[in-house]
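Observations on chain architecture
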Amino acid sequence: MKKVILAYSGGLDTSCCVVWLKEQGFKVITYTADLGQGINFAQLKKKAKDCGVSKAYVQGLKDKFLKHFVFPTLRAGAIYEAKYPLATALGRPLIAEGLVEIAHKEGAGYIAHGCTGKGNDQVRIEVSVAALDKKIKTIAPLREWDLKTREEEIKYAKKHQIQVSATKKSPYSTDLNLWGRSIECGVLENPYHEPPEEIYELTENPLKCPNKATYVTIEFAEGVPVKLNGKAQGAVALISKLNKIAGACGVGRIDMVENRLVGIKSREIYEAPAAIVLYLAHRELEDLVLDRETAQFKRIVAEKYSQLVYNGLWHTSLKSALDKFVQVTQKNVTGVVKMKLYKGSCVCVGRKSPFSLYKKELATYEKGDKFDASAASGFIKIWGLPYNS
Ligand code: ARG
């Protein structure tokens, strides 16, 4: 019998996928990666079994997700279209790795997913699977079946004794992991409509935040956050705590119209409290320790890196090459950054590093100035030479 590994979230779509794949004659094994989506995995496994799968895998990958996917992207400074810290996008290549690993272990020739036919995620998963093992075939039931609406899916599920949660499903489509939450659909499809307060889960309404500022310090070692408020901790603990602290200050809400790879614009809301604090803090530390040429060139690399991640090109040689460049630039990105959080805003108010290139004796306008201002006139003469009339 043909075997398929299905990326399974426990939701209605992927539960219907199980039944549909069985109808197509497959033995179905589900695979779920725990990236910090905060669901009950015992219940998820039971649900998968109730849908009739032969095996249900759950892999705890939070640490790997942060260390091998999130932190390299943070170090690169990559943020899609200058706004989106890529939480959903970064999860997909890792899920693809897990799917391929289980497919090999189980001797399965097929991988299936529950992505729709007009999003980025189908591209990310399928491109990564093919890059890892081109012999594996992918199936996207949502592109193939003729269940047009959610109601039709519910009817189909009920007909096949799949339990559909009784609570009225929210009109939004969401995705959550440790690096952030994505929200789309419903009233958000009108880009002029202000997001209703009810969509937010990780961030407090800035209007309701404390009337005094919260300070956090982040210590980086070679571009990786290692201490929060002076306390060393593992990646998962650090990000979880920072999400709570910054989220409580209303930091991390992003409202954007983005360009999807498949050619359409979509209105997305993101919540990424820890990511926003860390991107700003990391950038501030780089401003202190990187020389001008490296810092400016790195912004070009960051832009490209963000596009590679967004467009599903994680498992490519260009991405590995850019990682090598970033690696070299991060050698001195070690130090402490002080951030001030207040009613949705997040600003840097201090930074220090043993590798700081800031030289007070050159910058100062006070006593002790060592800058040779007399050399400036010769420099300016030659610098401006090409433009003299
Ligand atoms: N637009 C984002 C991306 O492509 C997020 C998509 C996540 N899905 C969702 N259900 N909101 O990375």
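Below is a summary of the structure that appears in this document.

Cut-offs used in this document
- Residues numbered from 1 in each chain as written.
- Predicted model: local features only at pLDDT ≥ 70, side-chain atom pairs only at ≥ 80, totals over all residues.
- Heavy atoms only, no water.
- Helix = DSSP H or I, 4+ residues; strand = E, 2+ residues; numbered from the N terminus.
- Expected span 1.5 Å × (residues − 1).
- Buried < 20%, exposed > 50% of the residue type's maximum accessible area, 1.4 Å probe, protein only.
- Salt bridge = Lys/Arg side-chain N within 4 Å of Asp/Glu carboxyl O.
- Pairing = 2+ DSSP bridges.
- Axes fitted to C-alpha atoms, helices over the stretch in contact; angles between N-to-C directions.
- Contact = heavy atoms within 4.5 Å.
- Core = buried A, V, L, I, M, F, W, Y, C linked by side-chain atoms within 4.5 Å.
- Near = heavy atom within 4 Å.
- Polar contact = N/O pair within 3.5 Å; in protein donor to acceptor, adjacent residues only side chain to side chain.
- Areas by Shrake-Rupley, 256 points an atom, 1.4 Å probe, with all protein chains shown as cover.
- Phe/Tyr/Trp six-rings, centres within 6.5 Å; stacked < 30°, edge-to-face > 60°.
- Lys NZ or Arg CZ within 6 Å of the ring centre and 35° of its normal.
- Nonpolar A, V, L, I, M, F, W, Y, C, P; charged D, E, K, R; others polar.
- Parallel < 35°, antiparallel > 145°, perpendicular 65-115°, else oblique.
- Left-handed = near helix turned anticlockwise from the far one by under 90°.

Moving on, we come to helix α4 (residues 87-106). In a regular helix each residue adds 1.5 Å, so 20 residues correspond to 28 Å; α4 covers 29 Å between its end C-alpha atoms and thus fits that length. Within α4, 16 of the 20 residues are buried, leaving the element largely enclosed by the surrounding structure. The positive-phi residue at the C-terminal boundary of α4 is Gly107, with phi of around 65°.

Attention now goes to the pattern of salt bridges. Considering all chains together, one arrives at 22 salt bridges under this definition. Here Arg143 and Glu126 are joined by a salt bridge, their closest N and O atoms 2.9 Å apart. Separated by 17 residues along the polypeptide, Arg143 in helix α6 (residues 141-144) and Glu126 in helix α5 (residues 121-132) bring together distant segments of the chain. Because the salt bridges share partners, they merge into one network encompassing Arg92, Asp121, Arg124 and Asp175.

Let's shift gears to the sheet that holds strand β12 (residues 265-271). Here we have four strands laid out as an open sheet, ordered β6-β7-β12-β11, and antiparallel in their pairing. Bordering the open sheet on either side are β6 (173-177) and β11 (253-259), each of which pairs with just one other strand. Taking the axes of each pair of neighbouring strands and ignoring which way they run, one obtains an average angle of 20° across the sheet. Across five bridges, β6 lies against strand β7 (residues 180-184) in antiparallel orientation. Bridge assignment links Asn177 to a residue of β7, and that residue is Gly180. Across the face of the sheet, α4 comes into contact with β6 and β7 while running at roughly 70° to β6.

Another point: the nonpolar core. Judged by nonpolar contacts, the single largest core of 79 residues is most densely connected at Trp179 and Val277. Apart from residues no more than four positions distant in its own chain, Val277 is found in contact with Val216, Ile218, Leu242, Ala246, Val251, Met339, Leu341 and Cys346.

What follows covers the site of the ligand. The ligand sits among 13 residues. The nearest are Tyr84, Asn120, Ser173, Glu258 and Glu268. Between the ligand and Glu268 there is a distance of 2.8 Å, counted from a nitrogen atom to a side-chain nitrogen or oxygen. In this structure, Tyr270 approaches the ligand through a side-chain N or O atom, which is 3.2 Å from a nitrogen atom. Protein coverage of the free-state accessible area of the ligand, which is 350 Å², stands at 93%.

The next subject is the packing of aromatic side chains. Counted under the stated rule, the structure contains 10 aromatic pairs. Geometry around Phe26 places Lys2 over its ring, the cationic atom sitting 4.4 Å from the centre.

The next point concerns the pairing of strand β9 (residues 224-228). With four bridges connecting them, strand β8 (residues 214-221) and β9 associate as antiparallel partners. For Ile218, the partnering residue across the bridge sits in β9 and is Leu228. Connecting the antiparallel pair β8 and β9 is a turn made up of two residues, with Glu222 showing a positive phi of about 50°. Bridging between β9 and strand β10 (residues 231-232) involves two bridges; their strand directions are antiparallel. Within β10, the residue paired with Lys227 across the bridge is Ala232.

So, about the sheet that holds β9. Overall, antiparallel pairing links the five strands, which are arranged β10-β9-β8-β13-β14 in an open sheet. The sheet is open, and its two borders are formed by β10 and β14 (345-352), each paired with just one other strand. Where strand β13 (residues 335-342) and β14 come together, seven bridges link them in antiparallel fashion. From the neighbouring strand, Tyr342 faces β14, where its bridge partner is Ser345. Across the sheet, helix α8 (residues 235-248) is in contact with β8, β9, β10 and β13; its angle to β9 comes to roughly 65°.

This next bit is on the packing of helix α3 (residues 62-76) against helix α10 (residues 292-310). Running from N to C, α3 and α10 cross one another at 145°; their axes reach a closest spacing of 9 Å. Note on element contacts: α10 touches α3 through Lys298, Ala302, Tyr305 and Val309, opposite Pro72, Thr73, Arg75 and Ala76. Here the contact of α3 with α10 is built from residues that sort into five nonpolar, one polar and two charged.

Remark: α4 packs on α5, axes separated minimally by 8 Å, with the N-to-C direction vectors making an angle of 40°. Here α5 runs oblique to α4, going by the angle between their axes. At the point where α4 passes α5, the crossing takes the right-handed sense. Taking contact as the criterion, the partners of Thr88, Ala89, Arg92, Pro93, Ala96, Glu97, Leu99 and Val100 in α4 are, on α5, Asp121, Arg124, Ile125, Ser128, Val129 and Leu132. A class-by-class count of the residues in the contact of α4 with α5 yields eight nonpolar, two polar and four charged.

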